Each structure stands twice: as C-alpha cells, then as structure tokens.
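Residue-level structure breakdown
In case you want the letters, here they are:
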Amino acid sequence: MLPMVQNFPFFAIFLCMVSGILSPLWKSGRMAWRYSVGVAFACAGLFGCVFAYTAAGEGLSFVYQMGHFPAPWGNELKIGPLEALLCTAFSTVMGFSLMGGHRDLEADILPHKQNLFFVMSNLMLAALLALTCTNDLFTAYVFVEISTIAACSLVLVKDTQYTLIATMRYLIMSLLGSGLILISIILLYSITGHLLLPNLLEQVGMLVDTGKYTIPLTVVIGLMGMGLAIKSALFPFHLWLPLAHGSATTSSSAILSGLVVKGYIVLLIKVFYQIFTIETIRSLKITNVIFLFGILAMIVGSVSALREKHIKRMLAYSSAAQIGYIYMGLGLGTDAGVVAAVIHILAHSFTKSMLFCCAGRLAGVMGHHKNLKNLRGAARRDRAAGVAFTIGALSMIGIPLFAGFASKLLFASATLLNNHKMLFTLGVLGVSTVLNALYYLPAVIVIWSRPEKGEEPAPKRKPDWAFTVSAVLQAAAVFGLGMGFGPLSELIQTGLGLF
C-alpha cells in the first residue's frame, strides 16, 4: 500500500486537467477565475506536502505507476525533492499570476470568452506539472504539445490584431521546435528501443561505454536541445517573445514569462541527467554550445531591453536575457552550474510574474498607456504596484537580499570551478548586471517621479485587493529566496543526485 502522499502528484495533474474541462461550465468568468485560482493553490499545497515528504532526512524519490501496466510498457511519474519544489513553485506562481492580472482579464477578454481562458490556464498548469514529473519521454512530448496549444491560446484570447500576429509567430516557432523534438525522440527510440527514462539511461550508457552510435546520439542531443531552445526563447530564437508577451493580457504575459518557458528548460535538465548524464553531455562538447548561446542571450536581450520604451516589451526582452543566464549555468557543465540555473528558474518565475502583473496595474491606473513616458507618477497612484515593481527590478539587477542576487552569486561561485570559463563568465555577469541596471532603474525612477504640472488628477479607482495580495506575497517570496537560498541549494543538489 502506497503512502497517501505518493498519490498527490497524480491527483494534482488530474485535478488540473479535469478543471480545464469544468471551467466553461461556470456561469461567469469571475466564478471560473476563483475556481482556477483555488485549483492552482490546491496543487501548490499537494506538491508542498510531497516536497516535505521527499526532502525529509537525506532526501528520497519515488516512482508512481500510471495504470496497470509496469515498465517498460506503462507510464510513470518520478518525483524527488527537486521535482516537488519546482511543481510547488510553478503552481504558486500560476495562482499569483491569475490573481495579479484579473482586472485586465475582465477588461481585455469578451465576457463569453473568459471561461475559455481558464480552460487553457488549467491545461497549461497540468502540462508544466507533467513535464516536471514524467518518467517517460513520449509523454513529455505530448505535454509539450499541450503546453504549446495552451500558450498560443493564452495570447490569442485577447483578440486583437497584435495578438493574432503574435500568436502566429509563436505558433510557427513552437511547431518548428516541436518537430525537432519529435525527430530526436524517433531517432532515440530507433537506437535504443525505449521511451522510459531509466531504460534510456541504461541503454545510452552502454552505447557510450562501447563507443557505438556516437554521431547519432550527438545528433539526437543537438535536435532535442535546439527544439527546446526554440520553445524556451533562447537567442536567436527569441524574436517571437516580445510581441507575444507585450500584446497579451497581463495574466497571460505573467504566465508565459514566469512559467511556460521554464517548463521546457526543466525538461532539458531531465534529458541531460536522466538520459545522457551530464558527464556525457560535457564530453560531447554540447555544454560549450549551450554556454555560448546563453552568453549571447544575456547581452543581446539586455541591449534590446535597454532600447525598448514599451514597458511590457522591455520586460519580455529582459526575460530573453534571463533565459540566457539559465542556459549559461547549464553550459558550465557542472552540478554547481545546474543548481544555480534552477535557483534562477525559481527567482525569475516569482520576480517576472510580479513585474508583469505590476506593469499591467501601473498601466491600468494611467489609462492603459504602456509607454514609459506615459507612466510618469504611476507608482504614486498605486503604491503597492510601485513598491512591488521596484522590488522586482532590484531583484533582476541583482541587489543583495533579493532572489536575483542569490542566483547571480551562485553563478559566480559555479564559474570558480571552471578555470577555462571563469574570467569570461565573471566579466559577462558584470556587464549584464550593469545593463540590467541601465534599463530597470530609469523605469523605477519614471514611475515614482512626480507628475508634470497641468496633468489631470487621477480618477478614483476601486482598490484591487487580489492584485495587492498577489504582489505582497510574491515580494515576500523574492525576499525569501534571496535570504534562504543556501538550504534550498543543498536540497536542489540532493534532488539532482536522486535523478
């Protein structure tokens, strides 16, 4: 008899999928919103229990068999402290994103379509949880496609000419990435005859030891990595991202930036550790390619954000740069680099979701203008949004005590273990941090500046308590990650060891 807590991952994924089916049955979009927020936090609670269970002692992981067929025919979930931590964070950020942008949801989406938005948000959460926990490569591909469809729908639901163009760009790029992933899975299956990750790990290990199929395996890794890089908006595949994030409704932007692109990176980490091993990836020089593109993304994304005046597109380009940080950590080819990358995934998820929600609120109190010059004094009209935006900006810059500083410190520490990349990486970290400051600090100054003389007084607005609660709790999470990253890093290291 399994302990009850081992059933919780399946319950959470199943709950999200059933909730997606039930969302259109609610009488109003507001009721569907309340239900979906509750589902997200329920999943966070379930995975929080799993995290406490797996993190106890020296850490443990367990396999949950789906259906009646055992391996290698059946489907499985594998959960350890790392998977449980990521799923808890993803579910929590989903709830905060829906709370922080609910006013814009009501304004941007036609009443009869609001329920449909929550179909996609629930399916998106199900896909993220399944990608993180699955122990089967083809099941991962199925949920990659579910995630793609849901993400495109989250952009398109606003129903404007800009979201239509953005969705088409996103869909074309995503389908290209999906095709590469599918080809890599077919090749891997033709070589090994397996799809379950433990069986793949065993077969790939035997092939590596004997020196057989070295070139085909390298091609598989290259296709898989490129497909996931396209879907996670790594430079130079990030050009769809600014328009999609900038034109979507606030909650969609927060979900896309804070969650969607992270799911594909988590899958890439699982592929590296649970199929090929990080040592094999390093020996094939794949890490050097990933490192190079990560470095380029850090610089190009930051320079593009520096030139952007539209606040949501600025945040989108910033996300492209932050994705570069994560790939740079993976490209170091060490456990320390991967730990830093995972911490940055968590830090960026909470911080960027908060920033997009705050940007939507600040634009809302200024007549829905999103150009920075029109947001002068916006923080004085909604101080909660102004304070939370400031905290998020300082975190992205890397100021101590904030989550962004924790990940940058860990990146710097990880580079010390790699003599060949140390000086170059530290230099790029420094340059990127300066560039971050050059576009975030002016934005903070603008929103807190006094309005110009002759400007009309702000109209009275109802307080947005859902947004305020979301902003306060996300700001607390940013502080918590910034100050408690030490024990968290150890748990992530334990989770990698249990892969």
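Residues numbered from 1 in each chain as written. Predicted model: local features only at pLDDT ≥ 70, side-chain atom pairs only at ≥ 80, totals over all residues. Heavy atoms only, no water.

Across the five residues that make up strand 2 (residues 75-79), a large majority, four, are buried. In this sheet, strand 2 lies alongside strand 1 (residues 62-66) in antiparallel orientation, the contact comprising five bridges. Bridging from a neighbouring strand, phenylalanine 62 pairs with isoleucine 79 of strand 2. (Buried < 20%, exposed > 50% of the residue type's maximum accessible area, 1.4 Å probe, protein only. Helix = DSSP H or I, 4+ residues; strand = E, 2+ residues; numbered from the N terminus. Pairing = 2+ DSSP bridges.)

Where helix 2 (residues 29-55) contacts helix 5 (residues 114-133), the two axes come as close as 8 Å, and the packing angle between them is 15 degrees. Looking at the two axes, helix 2 sits roughly parallel to helix 5. The handedness of the crossing between helix 2 and helix 5 comes out as left-handed. Counted together, Gly29, Arg30, Ala32, Trp33, Ser36, Val39, Ala40, Cys43 and Phe47 of helix 2 and Gln114, Asn115, Phe118, Asn122, Leu125, Leu129 and Cys133 of helix 5 form the full contact between these two elements. Considered class by class, the residues forming the contact of helix 2 with helix 5 number 10 nonpolar, five polar and one charged. (Axes fitted to C-alpha atoms, helices over the stretch in contact; angles between N-to-C directions. Parallel < 35°, antiparallel > 145°, perpendicular 65-115°, else oblique. Left-handed = near helix turned anticlockwise from the far one by under 90°. Contact = heavy atoms within 4.5 Å. Nonpolar A, V, L, I, M, F, W, Y, C, P; charged D, E, K, R; others polar.)

Here glycine 263 lies in helix 11 (residues 250-276). Assessed through its relative accessible area of 1%, glycine 263 is described here as buried. Counting along the chain gives 173 residues from glycine 263 to phenylalanine 90, while the straight-line C-alpha distance between them is 9.0 Å. For glycine 263, the residues in contact, after removing those within four places along its chain, are Leu128 and Leu131.

Turning next to unusual backbone geometry. Outside of glycine, negative phi angles account for most residues, and trans bonds account for most peptide bonds. Here the amide bond leading from phenylalanine 235 into proline 236 is cis, since omega sits at 5 degrees, within 30 degrees of zero. Topologically, proline 236 is positioned in the loop between helix 9 (214-231) and helix 10 (241-247). Backbone geometry places tyrosine 213, a non-glycine residue, at a positive phi of 55 degrees. With respect to the helices and strands, the residue tyrosine 213 is situated in the loop between helix 8 (197-210) and helix 9. Judged by relative accessible area, tyrosine 213 falls into the partly exposed class, the value being 46%.

Before going further, it helps to spend a moment on the environment of tryptophan 26. Within the secondary structure layout, tryptophan 26 lies in the loop between helix 1 (8-22) and helix 2. Assessed through its relative accessible area of 30%, tryptophan 26 is described here as partly exposed. The spacing of tryptophan 26 and asparagine 115 is 89 residues in sequence and 7.3 Å in space, taken between C-alpha atoms. Those residues in contact with tryptophan 26 that lie beyond four places of it in its chain are Met31, Ala32, Tyr35 and Asn115.

Looking at the chain as a whole, the pLDDT averages 86, with 96% of positions reaching at least 70. For the chain, helix 10 is the element with the lowest average pLDDT, namely 78, and helix 3 (residues 81-100) is the one with the highest, namely 92. (pLDDT = per-residue confidence, 0-100.)

Scanning all chains against the criterion turns up 13 aromatic pairs. For the pair phenylalanine 10 and phenylalanine 14, a centre-to-centre distance of 5.7 Å together with 20 degrees between the ring planes defines the contact as stacked. Here the residue phenylalanine 10 and the residue phenylalanine 14 both occupy positions in helix 1, the gap between them amounting to four residues, near one helical turn. For phenylalanine 10, a relative accessible area of 26% translates into the label partly exposed. Look at phenylalanine 14 and you get partly exposed, because its relative accessible area is 48%. For the pair phenylalanine 291 and phenylalanine 424, a centre-to-centre distance of 6.4 Å together with 55 degrees between the ring planes defines the contact as tilted. Placement of the pair is phenylalanine 291 in helix 13 (residues 286-307) and phenylalanine 424 in helix 19 (residues 422-448), with a sequence separation of 133 residues. Its relative accessible area of 7% is what places phenylalanine 291 among the buried residues. Every member of this aromatic cluster is reached through a ring pair, and the members are Phe8, Phe10, Phe11, Phe14 and Tyr64. (Phe/Tyr/Trp six-rings, centres within 6.5 Å; stacked < 30°, edge-to-face > 60°.)

Here the focus is helix 5. Spanning 20 residues, helix 5 covers 30 Å between terminal C-alpha atoms, matching the ideal 28 Å at 1.5 Å per step. Most of helix 5 sits out of view: 18 of its 20 residues are buried. (Expected span 1.5 Å × (residues − 1).)

Structurally, lysine 78 is set in strand 2. One buried charged residue, lysine 78, remains without a salt bridge, the closest side chain of opposite sign being glutamate 83 at 6.3 Å. For lysine 78, the contacting residues outside a window of four places in its chain are Ser61, Phe62, Val63, Glu83, Cys133, Asn135, Gln274, Leu498 and Phe499. (Lys, Arg positive; Asp, Glu negative; His and termini not counted. Salt bridge = Lys/Arg side-chain N within 4 Å of Asp/Glu carboxyl O.)

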